[in-house]
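# An overview of the molecular structure
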Amino acid sequence: MNFSFLHKLSSPRYFYYFSITYNPWIFYISLLGISISLTWGLAFTAPDYLQGNSYRIIFMHVPVASLALSTYMAMAIAGTMGYIWRIKLAFLASKSLAIIGFSWCTLALISGAIWGKPTWGTWWVWDARLTSMFILAFLYLGQIILRYTIQNTETAHRACALLGIVGLVNLPIIKYSVEWWNTLHQGASITLTSTSIAPEMLHPLLCAIASFYLITVSLFFYYMQCEILKTEYQTTWAYKVLASKNTMTPISH
Amino acid sequence: MYFETGYELLLMGKHGIYVWSVTLITISTLLFHGWYLHYMKRKVMKKIKKYHLNAQKQKPIPPTFMPASQVKS
């Protein structure tokens, strides 16, 4: 199998043109998926036997909570790749994923709190799952703040990569917190082999999860485009991107 | 549709406020990303434009020195 396209993708210019070619498709498909799954879940499925209509928050809470963990994993892997192999694009990927991941993590905490009020009777409890997710949000925030406070870009990238690797410890804690400790948050409803969700509720949920993953990929590509242009602004090809957008005078140097 | 009227869909029993607020926050988050990306792209485009227009203004001169009278027009 030929993997040469992977090597090409580590070139900022190639990655930029690759992303602007395929990303609009990913973006519009994901938007369509989100619209369909949310309409399906919010208006067309029956209420839960125990929670009533409040369970419909699941169609947003579960995808974003799952993405908060997956994005952190991807961010830490990208940071590690950058740290070991000094790939500039890997650091930019890590930076882009930190912003996206932080927004998903915050959204998971807020939607969880709003779901908690009608089901548990409280907005917040310091149980293992909620606390570990709260820590994850701070790990993301740490990544963002570190990048803005350290002036030297290379040092900032390396520091963030280290923080990302250290923070990986938190992921299995979040995943197994509901098994290791007695928590108010319920256990996993979907595993690799089984599920405790009725098919009519599971299908829109799976559709929502897939769509949110897709829009994360799309957002990642858009953030990467900005980050690449930010670092490559002195190059001729970056100016060509600008010239092609604004039909400016062609470059002469 | 599960609900018979739009009003029922809006109310969702007594849980509409929770469900719709989460929906609104989720959509707002996606819109925020859209706005922030647009803002960032505009900023970076300005940076590129500034740098390259300045670069175009800078003209290199040949490393030769002689009186103007000796220079053939």
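Parameters and conventions
Residues numbered from 1 in each chain as written. Chains lettered and ligands numbered in written order. Predicted model: local features only at pLDDT ≥ 70, side-chain atom pairs only at ≥ 80, totals over all residues. Heavy atoms only, no water. Helix = DSSP H or I, 4+ residues; strand = E, 2+ residues; numbered from the N terminus. Contact = heavy atoms within 4.5 Å. Areas by Shrake-Rupley, 256 points an atom, 1.4 Å probe, with all protein chains shown as cover. Disulfide = S-S within 2.5 Å. Buried < 20%, exposed > 50% of the residue type's maximum accessible area, 1.4 Å probe, protein only. pLDDT = per-residue confidence, 0-100. Buried area = accessible area lost by both parts, 1.4 Å probe. Salt bridge = Lys/Arg side-chain N within 4 Å of Asp/Glu carboxyl O. Polar contact = N/O pair within 3.5 Å; in protein donor to acceptor, adjacent residues only side chain to side chain. Nonpolar A, V, L, I, M, F, W, Y, C, P; charged D, E, K, R; others polar. Core = buried A, V, L, I, M, F, W, Y, C linked by side-chain atoms within 4.5 Å.

Glancing now at the overall build of chain A. For chain A, the count of helices and strands is nine helices and zero strands. For chain A, the sequential pattern of α-helices and β-strands runs α-α-α-α-α-α-α-α-α. C-alpha atoms of chain A, sized along the principal axes, occupy 70 × 40 × 40 Å. Across chain A, contacts joining residues at least 24 apart in sequence account for 72% of those joining residues at least 6 apart. About 12,600 Å² of surface is accessible on chain A, with carbon and sulfur atoms providing 68% of the total.

To continue, consider the state of the cysteines. All names here are of chain A. Here the structure, examined in full by the defined rule, presents zero disulfides over all chains. Cysteine C160 is unpaired, with the sulfur of C105 as its nearest cysteine sulfur at 16 Å. Exposure remark for C160: the relative accessible area of 1% places this residue in the buried category.

In this section: unusual backbone geometry. Residue and element names in this part refer to chain A. Non-glycine residue R86 carries a positive phi angle of around 55°. Considering the arrangement of structural elements, one finds R86 in the loop between α3 (58–85) and α4 (88–120). When its relative accessible area of 54% is taken as the criterion, R86 is described as exposed.

Overall, the predicted model of chain A reaches an average pLDDT of 92, with 96% of residues at or above 70. Every residue in residues 247–253 of chain A scores below 50 in pLDDT, and together they form 16 contacts with partners more than four places removed in sequence or on other chains.

We now examine the interface of chain B and chain A. Taken together, the contact pairs 32 residues of chain B with 51 residues of chain A. Note on chain B versus chain A: buried area summed over both sides is about 3,700 Å², and carbon and sulfur give 77% of it. Among the residues of chain B in contact with chain A, Y18, H33 and H52 of chain B are the three that bury the most area, contributing 15% of the side total. In this structure, the connection of chain B to chain A is made through zero salt bridges. Here chain B is connected to chain A by eight residue pairs in polar contact (both at pLDDT 80 or more). In terms of residue count, the dominant contributor to the side of chain B that touches chain A is helix α2 (residues 16–57) of chain B (25 residues). Partitioned by chemical class, the residues of the side of chain B that touches chain A number 20 nonpolar, nine polar and three charged.

Right, let's talk about the nonpolar core for a bit. In terms of nonpolar packing, the biggest core is built from 76 residues, with W104, L136 and L229 of chain A touching the most fellow members. Of all elements in the fold, only α2 (12–44), α3, α4, α5 (128–149), α7 (170–180), α8 (199–231) and α9 (236–246) of chain A together with α2 of chain B reach the threshold of two or more residues within this core. Aside from chain neighbours lying at most four places away, what touches L136 of chain A is A68, L69, Y72, C105, N170, L171 and I174 of chain A.

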